[in-house]
Amino acid sequence: MFGRRPASSPDVPPPNAPPPGPPVPALSKPMLQRASTKQRMGASTPRANPDELSDIATIDQTFQDMFADRATFYHNLQTAIRGAVAVTTIVGMLTYHGFVEELPEAYQNPALLAMIGFWFVLTFGRTLGFTIRNAWQALTGTLYAVLNSLIMNTIFPGGAKYASMNGYREEIAWIDVVIVVLLIMLANVSNRCRTFALFYTAMFMAFFMNPKSEARFSKNFQLDINGTGVSYLLVCMTGTTIAIFMSIFPWPRRMTTEVQDQVALIRAAVSTLLIQVVSSYNGKKPSPTVKSKCQRGFNTVQSLLSELGPKMDMSWWEGFDLGYHGKVRHMMIAFATLLKEVMDIIHGMQLAAEMDTTQSEGLLRSLRSDIAGLTNAADALLTEIGRAIHDGDISDEERSKIERRADALVKESQELAEAYTLKRVEAGVPPLDVEMLEEDFFIYNLAQLSQAIVKFAMSLREPAQPDVLGMFYGQMLDLFDPMIARNHGNFVLRGFTAFMVAFVWGVSYRNYNFVMAATVALVMSKFMGSAVERNLGRMQGVVLGLVIPAIALHLLDTCNGGMGTLAFLSFVFLLEVLALYIYQAASSRFAYIAMLTAAFAAKSFFVPCDKLKDDGTTSQAAYSQVTAVVVGIIIVMVVDIALANERPSEAVQDHLGDCFFQIRDGFEQFLKGAKRPRGNKLKAELRKAWLNHYEAINEPRYWRVAYPEEMVEGILRQTEELRLDLRALEQTVCKGGVLEKGHFVDGAVDPVIFEPLRETKVFQRARRDLLQQFDRVTQLIRHVMQHESEAQNQFVVNYEHNEDVYDHVDELSDAMTHLEYSDGSVPLLDDPRCRGCVAIFMMTRIQKRLDTLVEVVLRH
């Protein structure tokens with residue numbers, strides 16, 4: 001069915017594994033047998049010094065040494081201990097040392113003071129930047145609710161309690177709740193900001209509407225320090241301030257430092273991978289075991305790179321991009337972008353190495369010294385750049401070293417281009433030889449690698465300055481365009497409905513109880529796939545956080561001031577350490593459960609001794625809270641199931657459709673001699689597809705067949721490979737960049753490789769078949785993913801794969817006689833012959849990707 005060239009099979013990761021970086025494609029047979037050319041070259045090829053590059057046998061140990069230093073366990077445990085010390089101190093001070101009696105009367109309310117530990121846990125993070133961001137979002141959300149309370153108490157001073165005096169009208173209060181909640185949901189603010197805003201809105205409005213409420217409010221826009229809104233705002237500020245303090249004491253845990261260390265680690269790993277890939281294609285044949293270990297290192301580096309974006313955003317909060325901090329962060333962002341580009345290039349080199357099964361006998365063995373020189377020069381320049389930008393301040397001496405290294409790399413690249421062209425001519429190889437496409441692609445990637453690193457080095461002469469005001473506006477407001485995000489409208493509907501149902505129930509039928517609505521604010525989520533599983537987990541976390549303290553307060557003699565008190569505080573400390581460590585170290589599936597356990601436990605442990613009774617009052621209060629929380633979570637579950645308009649599996653289909661559309665558009669633009677505008681939309685869509693895929697694994701399927709997890713993962717992996725293949729293909733449309741007066745200028749579009757053939761039947765036939773094959777495969781994927789029953793899929797039964805595509809590509813390569821050897825001084829990235837060879841190679845690879853996609857689907 002697949003023609004003469006069987007498709008390869010993708011490696012499928014274990015379930016729930018995070019999407020790794022682009023994997024190395026599985027081996028397949030080379031496009032054509034290449035014995036004649038290889039043997040012709042191998043006869044007169046001198047043997048190079050095998051010590052010119054690092055010994056491949058040391059690669060696995062190198063990666064082990066690199067990633068063993070992360071000390072993840074130590075950092076997570078340290079964070080958990082800091083948090084547990086703070087919670088234990090808060091509980092101890094408020095319970096035993098008469099601290100409460102010294103506060104103003106309005107602040108002696110146990111329910112108010114218990115929120116200090118609660119908000120501390122929800123704000124505290126493993127680094128200073130994480131905690132400051134959380135604190136800002138928490139305070140912003142609380143201010144929303146306080147402002148609404150202030151407005152309502154200005155209109156109706158004192159609320160329902162003083163209805164006979166202020167003209168209170170209950171319908172106005174209900175309208176206010178509806179409008180405020182709807183605005184909060186529509187604003188599309190961050191999760192934490194929304195949680196705090198809805199939580200306190202439920203609380204304040206329940207107090208305001210309760211005619212028997214003892215709450216005291218500010219009036220006429222005059223803040224009352226003893227008012228309910230102001231007091232809860234101060235409590236929130238207290239909890240967040242303690243969280244910030246514990247992120248600094250006894251020494252600060254800075255996200256900026258973590259980013260610097262991780263970038264340095266990735267830089268070293270990238271250098272190691274570069275040397276390993278060049279070694280494997282340069283006359284040495286590594287064992288499958290070493291290849292496998294290096295592949296794991298490759299995936300680890302890609303995973304670390306994907307973590308950098310959120311961490312760099314978080315590090316902004318530690319210095320707001322001012323002064324030294326701004327320089328460091330901006331340079332780390334730029335350098336991380338370079339490392340991502342280098343990893344994409346290494347992936348292309350790895351592809352060529354895997355495809356060429358006779359590399360030890362080929363032309364490149366005679367160029368080992370030249371390749372080694374370029375590789376070592378690239379590694380040296382990359383290392384020098386990493387060392388110079390680490391502190392954010394590039395001295396004149398460091399800039400001079402970088403420029404010397406850049407000049408050396410440019411020279412090595414030129415020498416390799418000249419030597420490669422000369423060796424091909426001496427061996428009598430035609431300008432476009434299908435047996436040498438992998439070698440062309442490998443050398444072309446080396447030239448791209450040199451250009452990318454040199455381009456970045458030249459940009460350091462006048463580093464761009466960070467946009468301080470722009471970042472300040474975006475980060476501090478933490479807002480996005482409302483209703484723009486995918487499915488945000490449905491999330492607004494679900495969240496608003498669940499909150500209002502819980503609030504109406506609590507106010508109208510549960511004696512103005514706001515706990516159910518507050519619970520909805522805590523647990524609502526945009527993700528639908530694992531909504532049932534997540535909400536059951538949240539229920540478990542809340543129940544544990546409420547019940548365990550009640551049991552401890554009942555069994556331990558907490559107020560005797562002796563061993564009972566010590567045992568109680570020790571229990572508080574150990575429980576918080578355990579919960580906070582799981583929160584920091586576990587996967588997202590369990591982290592949220594642990595966080596809710598720690599937060600509700602910190603709140604529930606605080607019961608003043610004069611309020612602690614042996615008549616079961618404490619246990620009864622815990623039972624009432626558990627009941628309200630469970631009901632609130634059930635409301636969220638029911639509303640999510642009833643009102644969801646798109647399942648995650650459907651979102652995967654849509655995002656994959658967008659990916660295929662953009663890949664096809666890029667392919668078509670290439671065949672027209674044009675190039676798509678630069679952008680990360682394709683990569684972003686693919687990332688969204690991965691995220692929805694992991695949600696879809698746990699979505700309820702009801703009458704539908706099981707979600708095809710293995711098949712979708714295989715499709716996503718091959719789509720990622722198609723993205724990288726398209727990137728390499730698009731590079732051939734443009735010339736390489738040039739240095740002009742110390743600055744790097746990108747190359748212009750130059751469609752010369754297909755221009756003389758564009759109107760010929762050979763080109764038109766190849767273009768038509770390539771695009772039609774792409775359309776066939778994407779239609780097959782769409783029909784299979786939409787087919788969710790046990791019935792036979794007729795589209796699969798009737799599917800026909802075009803077996804003539806490869807022949808038409810081969811005919812196109814045979815017709816490209818206008819490509820000739822250029823002067824040896826022409827850079828490879830400018831050379832039409834080399835770019836044409838790479839284009840033919842990548843067109844063939846894309847067709848093999850499509851074959852593999854079909855194989856993945858039919859295997860399912």
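Residues numbered from 1 in each chain as written. Predicted model: local features only at pLDDT ≥ 70, side-chain atom pairs only at ≥ 80, totals over all residues. Heavy atoms only, no water.

**Some words on the overall build of the protein chain**
Check the secondary structure of the protein chain and you find 29 helices and two strands. Burial analysis of the protein chain (860 residues in total) assigns 55% to the buried set. The contacts of the protein chain with a sequence gap of at least 6 include a subset with a gap of at least 24, amounting to 84%. (Helix = DSSP H or I, 4+ residues; strand = E, 2+ residues; numbered from the N terminus. Buried < 20%, exposed > 50% of the residue type's maximum accessible area, 1.4 Å probe, protein only. Contact = heavy atoms within 4.5 Å.)

**Looking at the packing of aromatic side chains**
Enumeration according to the criterion identifies 29 aromatic pairs in this entry. Consider the rings of F118 and W119, whose centres lie 4.8 Å apart with planes at 70 degrees: the pair is edge-to-face. Comparing F118 with W119, the two get one shared label, buried. Considering the side-chain rings of F335 and F456, the 5.8 Å spacing of their centres and the 45 degrees angle between planes classify their relative orientation as tilted. Here F335, found in helix 12 (residues 323-355), pairs with F456, found in helix 15 (residues 437-459); they are 121 residues apart in sequence, far enough to count as distant. Ring-pair connections join several aromatic residues into one group, and the members of that group are F118, W119, F196, F199, Y200, F204, Y232 and F600. Over the aromatic face of Y592 sits the side chain of R538, whose NZ or CZ is 4.9 Å from the ring centroid. Over the face of the ring belonging to W703 we find R704, whose NZ or CZ atom lies 4.4 Å from the ring centre. (Phe/Tyr/Trp six-rings, centres within 6.5 Å; stacked < 30°, edge-to-face > 60°. Lys NZ or Arg CZ within 6 Å of the ring centre and 35° of its normal.)

**As for the nonpolar core**
Within the largest apolar cluster, 133 residues are counted, with the highest numbers of intra-cluster contacts made by I385, F670, I715, F754 and M843. Excluding anything up to four places from it in sequence, M843 contacts F667, F670, L671, L729, F754, L770 and L812. Ranked by size, the runner-up nonpolar core spans 102 residues in total, among them A138, A498, M500 and V636. (Core = buried A, V, L, I, M, F, W, Y, C linked by side-chain atoms within 4.5 Å.)

**A word on the environment of T240**
Relative to the elements of secondary structure, T240 occurs in helix 9 (residues 228-248). Assessed through its relative accessible area of 2%, T240 is described here as buried. Here the alpha-carbon distance between T240 and W119, two residues 121 residues apart in the chain, equals 6.8 Å. Residue contacts for T240: discarding those within four places in its chain leaves T123, A135, A138 and L139.

**Comments concerning the pattern of salt bridges**
The final tally for this structure, using the stated rule, is 32 salt bridges. E171 is the partner of R169 in a salt bridge, and the nearest nitrogen-oxygen pair spans 2.8 Å. Because the salt bridges share partners, they merge into one network encompassing R647, E650, E699, R701, R704 and E788. (Salt bridge = Lys/Arg side-chain N within 4 Å of Asp/Glu carboxyl O.)

**With respect to the packing of helix 13 (residues 368-389) against helix 14 (residues 396-426)**
Packed helix pairs are characterised by how far apart their axes lie and by the angle those axes make with each other. Relative to each other, helix 13 and helix 14 sit at 160 degrees, their axes nearing to 9 Å. Classified by the angle between their axes, helix 13 and helix 14 sit roughly antiparallel to one another. Read as a crossing pair, helix 13 and helix 14 show a hand that is left-handed. Here D370, I371, G373, L374, A377, A378, A380, L381, E384, I385, R387 and A388 of helix 13 come into contact with helix 14, specifically with E398, K401, I402, R405, A406, L409, E412, S413, E415, L416 and A419. For the contact of helix 13 with helix 14, the per-class residue count stands at 13 nonpolar, two polar and eight charged. (Axes fitted to C-alpha atoms, helices over the stretch in contact; angles between N-to-C directions. Parallel < 35°, antiparallel > 145°, perpendicular 65-115°, else oblique. Left-handed = near helix turned anticlockwise from the far one by under 90°. Nonpolar A, V, L, I, M, F, W, Y, C, P; charged D, E, K, R; others polar.)

**Section: the environment of E811**
Considering the arrangement of structural elements, one finds E811 in helix 28 (residues 805-815). Look past the residues within four positions of E811 in its chain and what remains in contact with it is V762 and R765.

**What to know about helix 17 (residues 488-509)**
Look at helix 17: 31 Å from first C-alpha to last across 22 residues, which is about the 32 Å you get at 1.5 Å a residue. N511 sits one or two positions beyond helix 17 and adopts a positive phi of about 60 degrees. (Expected span 1.5 Å × (residues − 1).)

**Overview of a nonpolar patch on the surface**
On the surface, L147, I151 and I155 cluster together into a nonpolar patch covering about 250 Å² of accessible area. Inspection of the secondary structure assignment puts L147 in helix 5 (residues 128-155). (Patch = residues over 30% accessible without salt bridge, like charges linked within 9 Å, V, L, I, M, F, W, Y side chains within 5 Å. Areas by Shrake-Rupley, 256 points an atom, 1.4 Å probe, with all protein chains shown as cover.)

**Focus on the side chain of T519**
Relative to the elements of secondary structure, T519 occurs in helix 18 (residues 515-523). With residues near it in sequence (within four places) discarded, T519 still touches V629, G632 and I633.

**Let's talk about unusual backbone geometry**
Residue P250 follows F249 across a cis peptide bond; omega there is 0 degrees. You can see P250 is positioned in the loop between helix 9 and helix 10 (255-280). Despite not being glycine, F320 has its phi angle at roughly 55 degrees, a positive value. Take F320: it is sitting in the loop between helix 11 (288-315) and helix 12. According to the relative accessible area criterion, F320 is partly exposed, its value standing at 30%. Residues other than glycine seldom take positive phi values, yet Y512 does so here, at roughly 60 degrees. Tracing the backbone through its elements, the reader meets Y512 in the loop between helix 17 and helix 18.

**A few points about the environment of Q78**
Within the secondary structure layout, Q78 lies in helix 3 (residues 72-96). On the accessibility criterion, Q78 (9% relative accessible area) is buried. Put simply, Q78 and Y581 are 503 residues apart on the chain and 8.6 Å apart in space, counted from C-alpha to C-alpha. For Q78, the residues in contact, after removing those within four places along its chain, are W251 and R253.

**As for the packing of helix 23 (residues 648-671) against helix 24 (residues 681-696)**
It is the contact of helix 23 with helix 24, at a shortest axis distance of 8 Å, that shows an interaxial angle of 160 degrees. Comparing the axis directions of helix 23 and helix 24 gives the class roughly antiparallel. The chirality of how helix 23 crosses helix 24 is left-handed. Contact residues: P648, S649, A651, V652, H655, D658, C659, Q662 and I663 in helix 23; K681, L682, E685, L686, K688, A689, N692, H693, E695 and A696 in helix 24. In terms of residue class, the contact of helix 23 with helix 24 is built from nine nonpolar, five polar and five charged.

**Points about the confidence of the model for the protein chain**
Should pLDDT be low for a region, the predicted coordinates there are not to be read in detail. On average, residues of the protein chain carry a pLDDT of 81, and 82% of them reach 70 or more. Contacts for the low-pLDDT stretch residues 1-61, under 50 throughout, to residues beyond four places or in other chains number 151 contacts. In the predicted structure, residues 479-484 sits below a pLDDT of 50 and forms 13 contacts with residues beyond four places in sequence or in another chain. (pLDDT = per-residue confidence, 0-100.)

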